[in-house]
Amino acid sequence: MPDHLSREQIAALLDEPEATGVDREHLDGCSECTLEYEQMIRTRMALSALPDLEPPVDEWERIRARLGDDVSPIGRRVSAPNSTRFRPLWAAAVVALFAAGLGVGRQLSPTEDAAPDTTASRSASDDRTEAYLRTVAQIQELRREGPSGEAVLDDPSLAAERLMRLDALIEASQEALRTAPTDPVLNNLLFDVVDERQSLAGQMNRSLRYTSVEY
Amino acid sequence: MSEARLLEAARAGDQRAMEALYTAHSGRVFTVVRRLVGDDHLAEDVSQDAWVRAFEKLGSFRGEAAFGTWMHRLAVNTALNRLRRSGRRPEVESAAEPPTAPPDADERILSQRVLGQALDRLPNGYRQVLVMHDVEGMTHEEIADRLGVAVGTSKSQLHKARARMRDLLAPPMGRNEAGNHA
Ligand SMILES: [Zn+2]
């Protein structure tokens, strides 16, 4: 039996399954090199299946700060309770907001957007764009409002409030996505909120477990 | 909502439209940047740079490709330029730290965490080609173009990178680099 193939030689064969030659012949007749070949395929598959990573939570704020005065001011802020106590009405407000976005989503079909740009339709589509942007900006704003960050983890009542806010956002965004299922902005918002909720719930469970150990 | 309308509003400087575009693509952008540079802090910096550049250059985006494709390209270029500027040129034969497997390495369970750690430990040149080809699915022609190297160089770098990756995940025991029996 000649020398085994090096990993580099095996890596080259990965891209050329139809290749012929000395290396290929060796591979076909050597169980040890075949095992390494299979492991390399497994690694490659795992690499291509790596999930997306989350950008830092304050990334957008930093980008906005760097863009400075070149951007126009944000749309009207949605008033949320200043009190750290969660008000059930807030959830209803979020649902109403998404319902409004739902209407906007219905109006903004791709075919309508592709319509000829006459002055009249141009003005109508500008209005719809404005309505959509206002809705999305308000949703983003709502997500930023209320208790968040490290402070939430130190205070169970703040954590519970944040959890309820996230639940309300999830419920409402799922409702909105039923009519606009492919909207990438709404989809990513939902993804972010679900991700934050899972992380927060996990951390709350862990601290509960630690607390119960003390008793 | 069509992306064209969002882009139009963003070009006009509407911050809400910019944030909506950011929200739709920030995960993909941060991911490719982070994988390419192999470091959390540098990735945060480069990802921000990419977005700022994108919004500054939005006027030059003609819309032949989807915004996501354009943004991905810009993010990759920003990351590669940063690595170049910082003097960390893609090395062809890097004297990287000797490969050692993570303590819990198990060939049967290739966890994403272990895989990510191994990627971070690759020399920059290897990591860039491996990420662009095996993670991002780019062709050797595209990679060669971005790195300013020959297609053959991209291929050989990839093969070395895969081998080094395997060395990190499962240190060679029964085989050595010359390919001989132990
Ligand atoms: Zn062999």
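Going along each chain's sequence as written, the residues are numbered from 1 onward. Here chains are named by letter from A upward and ligands by number from 1 upward, in the order in which they appear as written. This being a predicted model, a pLDDT of at least 70 is required before a residue's local features are given, and a value of 80 or more before pairs of side-chain atoms are given or counted; all residues contribute to the totals for chains, interfaces and linings. The side-chain quantities take in all heavy atoms of the structure and omit both hydrogens and water.

Next up on the list: the confidence of the model for chain A. All names here are of chain A. The pLDDT value tells you how sure the predictor is about a given residue, anywhere from 0 up to 100. Within chain A, residue pLDDT values average 74, and 70% of them lie at 70 or more. Confidence drops under a pLDDT of 50 for residues 73-88, and excluding neighbours within four residues, the segment shows 25 contacts in the predicted structure. With pLDDT under 50 throughout, residues 104-118 is counted as low confidence; its partners more than four residues away or in other chains account for 18 contacts. Any two residues having at least one pair of non-hydrogen atoms within 4.5 Å are treated as being in contact.

Time to look at the coordination of the zinc ion. In ideal tetrahedral geometry, four donors around a metal make angles of 109.5 degrees, whereas ideal octahedral geometry with six donors gives angles of 90 or 180 degrees. Residue and element names in this part refer to chain A. Every protein donor of the zinc ion is accounted for by His 4 (ND1), His 26 (NE2), Cys 30 (SG) and Cys 33 (SG), and the metal-donor separations fall at 2.0 to 2.3 Å. Sites may look incomplete because water is not among the atoms; the donors themselves are N, O and S atoms within 2.8 Å of the metal, or within 3.2 Å for Na, K and Ca. Under this scheme a four-donor centre is tetrahedral when all angles range from 85 to 135 degrees, a four-donor centre is square planar and a six-donor centre octahedral when opposite donors are above 155 degrees with the rest from 65 to 115, and any other centre is irregular. The coordination sphere of the zinc ion comprises 4 donor atoms, whose angles at the metal cover 99 to 126°; the geometry is tetrahedral. Counting the intervening residues between successive donors of the zinc ion yields the motif H-x21-H-x3-C-x2-C. Taken together, the residues His 4 in the segment before α1 (7-14) and Cys 33 in helix α3 (residues 31-48) connect sequence positions 29 residues apart. Buried means the residue's accessible area, taken with a 1.4 Å probe over protein chains only, is under 20% of the maximum for its type, while exposed means over 50%, and partly exposed covers the values in between. Residue classification places Cys 33 among the buried residues on the basis of a relative accessible area of 0%. Elements are defined by DSSP. Helices are runs of H or I of four residues or more, strands are runs of E of two residues or more, and each kind is numbered from the N terminus.

What follows covers the domain arrangement of chain B. All names here are of chain B. In terms of domains, chain B is made up of domain 1 (3-85) and domain 2 (112-169). An automatic or database domain assignment is the source of the domain bounds shown. Inter-centroid distance (C-alpha atoms) of domain 1 to domain 2 is 22 Å. Listed by partner, the interface residues are 14 residues for domain 1 and 11 residues for domain 2. Two parts lose some accessible area (1.4 Å probe) when they are put together, and adding that loss for both gives the buried area. Across the domain 1/domain 2 interface, buried area totals approximately 1100 Å², and carbon plus sulfur atoms make up 50% of it. Any N or O atom pair separated by 3.5 Å or less is treated as a polar contact, with the protein-specific requirement of one donor-capable and one acceptor-capable atom, and with residues adjacent in sequence counted only for side-chain atom pairs. Our count for the contact surface shared by domain 1 and domain 2 stands at 7 residue pairs in polar contact (both at pLDDT 80 or more). Counting residues per element, the ones that place at least two in the side of domain 1 that touches domain 2 are α2 (15-37) and α4 (67-85). Tallying contributions element by element places α4 first for the side of domain 1 that touches domain 2, with 7 residues. Split by residue class, the side of domain 1 that touches domain 2 holds 6 nonpolar, 3 polar and 5 charged. Residues are grouped as follows: nonpolar covers Ala, Val, Leu, Ile, Met, Phe, Trp, Tyr, Cys and Pro; charged covers Asp, Glu, Lys and Arg; every other residue, Gly included, is treated as polar.

As a further point, take α3(A). To estimate how far a helix should reach, multiply one less than its number of residues by 1.5 Å. An ideal rise of 1.5 Å per residue puts 26 Å on 18 residues; α3(A) measures up with 26 Å between its terminal C-alpha atoms. Listing the buried residues of α3(A) in full gives Cys33(A), Glu36(A), Tyr37(A), Gln39(A), Met40(A), Thr43(A), Ala46(A) and Leu47(A).

This next bit is on the interface of chain B and chain A. Opposite the 60 residues of chain B that make contact, chain A presents 63 residues. When the two sides are added together, the surface that chain B and chain A hide from each other amounts to roughly 5700 Å², 55% of it contributed by carbon and sulfur. Salt bridges are defined by distance alone: a side-chain nitrogen of Lys or Arg within 4 Å of a carboxyl oxygen of Asp or Glu. Counting the contacts that link chain B with chain A gives 8 salt bridges. The residue Asp49(B) makes a salt bridge to Arg66(A) at a minimum N-O spacing of 2.6 Å. The interface formed by chain B and chain A holds 17 residue pairs in polar contact (both at pLDDT 80 or more) in total. Listed by contribution, the elements that provide at least two residues to the side of chain B that touches chain A are α1 (3-11), α2, α3 (40-56), α5 (112-121), α6 (124-135) and α8 (151-169) of chain B. In terms of residues, the side of chain B that touches chain A owes the most to one element, α2(B), which gives 16 residues. Here the side of chain B that touches chain A is composed, by residue class, of 24 nonpolar, 17 polar and 19 charged.

So, about the environment of Asn124(B). Position of Asn124(B) among the secondary structure elements: in helix α6. At 2.2 Å, the side chain of Asn124(B) forms a polar contact with the side chain of Arg127(B).

Another aspect to go through is the packing of helix α4 (residues 59-67) of chain A against α3(B). Throughout, an axis means a line fitted to C-alpha atoms (over the contacting stretch in the case of helices), and angles, computed between N-to-C directions, take values from 0 to 180 degrees. Two elements in contact, α4(A) and α3(B), have axes separated by 10 Å at closest approach and are oriented at 50°. Considered as vectors, α4(A) and α3(B) are oriented oblique to each other. The interaxial crossing formed by α4(A) with α3(B) has right-handed handedness. Residues Glu59(A), Trp60(A), Arg62(A), Ile63(A), Arg66(A) and Leu67(A) of α4(A) form the contact with α3(B), whose participating residues are Glu44(B), Asp45(B), Ser47(B), Gln48(B), Asp49(B), Trp51(B), Val52(B) and Phe55(B). The residue makeup of the contact of α4(A) with α3(B), split by class, is 6 nonpolar, 2 polar and 6 charged. Angles are sorted into four bins: roughly parallel if under 35 degrees, roughly antiparallel if over 145, roughly perpendicular if 65 to 115, and oblique for all others. With the far helix as reference, a near helix turned anticlockwise by less than a right angle produces a left-handed crossing, and one turned clockwise produces a right-handed crossing.

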